[in-house]
Amino acid sequence: MKIGVISLGCAKNLVDTENVLGMLKQADQELVTSYDDAEAIIVNTCGFIESAKVESINTILDVADLKQKNLKKLIVMGCLAKRYKPQLEKEMPEVDRFISVDEYDQLGTILTQELGVRIANQYGHTPRLLSGKPWMAYLQISDGCDNRCSYCAIPYIRGNLRSTPEADVLAEAKRLVSIGVKEITLVAQDCSRYGYDFDHKLHLTELLKKLDEVEGIRWIRMLYLYPDEIPDGLIETIRDSRHILPYFDIPTQSGSDHVLHAMRRKTNRAKIIALTELIRKELPNASLRTTLISGFPGETLEDQQETLDLVKHVRYNHLGVFTFSKEDGTPAYDMNDDVVPEEKERRRKEIMMVQEKIAEEMLQNQLGTIAEVLVEGQNPLTHMYTGRSYAFAPDGVDGCVMFHGLKEHKPGEFVNVRFTKTSGQNLIGEEIQEEQ
């Protein structure tokens, strides 16, 4: 059967999609990227925030139009299907089956019933098929979350924290290396709490030390470390490692204690400042990334100023801001959403104006320095190579490195580059000759 798969949302959703692709490949199904040719299409949806829900719905409707051509089956899975399954089944009859995230252990059986081809019930136990760049892969170390932040629907969609056993994480890392992966990015709703569900202790540092010993891994980075529970020894482990990158993605959400309390975050402004200062002290070249929410219910202009002051003090390398949106099922849904949309957007832009100046200054500080760059492509017009240093995550939001090469390079190679200029979020440089 000719089957197309569409993945929406975050890196964790992409891992789910790649598990489905692995199941379909093992079942000898034909995977197609031209959806006009597909006899069946599976859409893996995101339902985290309003904009993601709109994108998911629009994608489903666009795919449903293909039923007027060759498409016989439309299947929708993922977070949106989990949150709104009864409602969607009623309002979207053109979808043949909605599959919730808590049905994944029966995914093979469900797909067999819907598609009429035999697919083994081996979700998560069949080698996943990477769908992106072959030199990098995401590796999910846990699912679910215990934090219960007042604005977040993830625990209600994905459930409580469930960490992947260490042996399974290491086995997957070795498998990825064996098929040519050089950069592994660990993802979870909260990487810092890895293993807490095993014995009420944090085990991320232990896991990282063992991953650092896996032969063939060149870069290891993590996404989503929460500031309230950074495991003991984590910063030192990264500092002393061979392959773990000094890249810290630490969502802070606000710089105001008043707002952090309303968000049910387990940290405060002083702890955030102390943590980031410690990172800068131990790892002066660390790249810090964070996300913020503007216009949370009850947020005042004074709270906004405290957030601006925090951004100026910490000087994040990379920062993103989302305007608050009410998510049903969360405690914040019932709060008085007293910041009007126009003011939320004004505050978002105000933060980003401050951040853009800081980010430009941080990039300027890198001029004249040399860094290892992972080559990812070449501009056909300028013939400059594009890639990333340790300071840029693979999801594209941080920017990239562009450089002139001394010789031809293939994607997935590593090159030493001296940075000479900046362009927006990007660094421009020249390849330097490696010392013999």
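As shown above, the structure is provided for reference.
Residues numbered from 1 in each chain as written. Predicted model: local features only at pLDDT ≥ 70, side-chain atom pairs only at ≥ 80, totals over all residues. Heavy atoms only, no water.

On a plain count of helices and strands, the protein comes out with 13 helices and 18 strands. For the protein, whose C-alpha radius of gyration is 22 Å, the value lies close to the compact-globule estimate of 22 Å for 436 residues. Taken along its principal axes, the extent of the C-alpha atoms in the protein is 60 × 60 × 50 Å. Per-residue burial for the protein yields a buried fraction of 55% across its 436 residues. Partitioning the intrachain contacts of the protein with sequence separation of at least 6 by distance along the chain shows that 72% fall at a separation of at least 24. As displayed, the protein offers around 19,600 Å² of accessible surface, 50% of which is attributable to carbon and sulfur atoms. (Helix = DSSP H or I, 4+ residues; strand = E, 2+ residues; numbered from the N terminus. Rg over C-alpha atoms; globule rule 2.2 N^0.38 Å. Buried < 20%, exposed > 50% of the residue type's maximum accessible area, 1.4 Å probe, protein only. Contact = heavy atoms within 4.5 Å. Areas by Shrake-Rupley, 256 points an atom, 1.4 Å probe, with all protein chains shown as cover.)

A separate point is the sheet that holds strand β17 (residues 414–423). Read around the closed barrel, 5 strands run β14-β15-β16-β18-β17, paired in mixed fashion. Pairwise comparison of adjacent strand axes, ignoring direction, gives a mean angle of 55° for this sheet. Here strand β16 (residues 401–404) pairs with strand β18 (residues 426–431) via 4 bridges, running parallel. Paired with Val401 across the two strands is Leu427, which belongs to β18. (Pairing = 2+ DSSP bridges. Axes fitted to C-alpha atoms, helices over the stretch in contact; angles between N-to-C directions.)

What follows concerns the packing of helix α2 (residues 50–64) against helix α3 (residues 79–91). Remark: α2 packs on α3, axes separated minimally by 12 Å, with the N-to-C direction vectors making an angle of 60°. As summarised for this structure, α2 and α3 are arranged oblique, according to the angle between their axes. In terms of crossing hand, the pair formed by α2 and α3 is right-handed. Between α2, through Lys53, Ser56, Ile57 and Ile60, and α3, the contact on the second element is made entirely by Leu80, Arg83, Tyr84 and Leu88. Here the contact of α2 with α3 is built from residues that sort into 5 nonpolar, 1 polar and 2 charged. (Parallel < 35°, antiparallel > 145°, perpendicular 65-115°, else oblique. Left-handed = near helix turned anticlockwise from the far one by under 90°. Nonpolar A, V, L, I, M, F, W, Y, C, P; charged D, E, K, R; others polar.)

Bringing the packing of aromatic side chains into the picture now. Summed over all chains, the structure comprises 6 aromatic pairs. Ring centres of Tyr194 and Phe198 lie 6.0 Å apart, and the angle between their planes is 85°; on these two criteria the pair is classed as edge-to-face. With a relative accessible area of 42%, Phe198 lands in the partly exposed category. With a centroid separation of 5.1 Å and an interplanar angle of 75°, the aromatic rings of Trp219 and Phe414 are classed as edge-to-face. Within this pair, whereas Trp219 is found in strand β10 (residues 219–222), its partner Phe414 is found in strand β17, the two being separated by 195 residues in sequence. On the accessibility criterion, Trp219 (3% relative accessible area) is buried. (Phe/Tyr/Trp six-rings, centres within 6.5 Å; stacked < 30°, edge-to-face > 60°.)

Any functional reading would require information that these geometric values do not contain.
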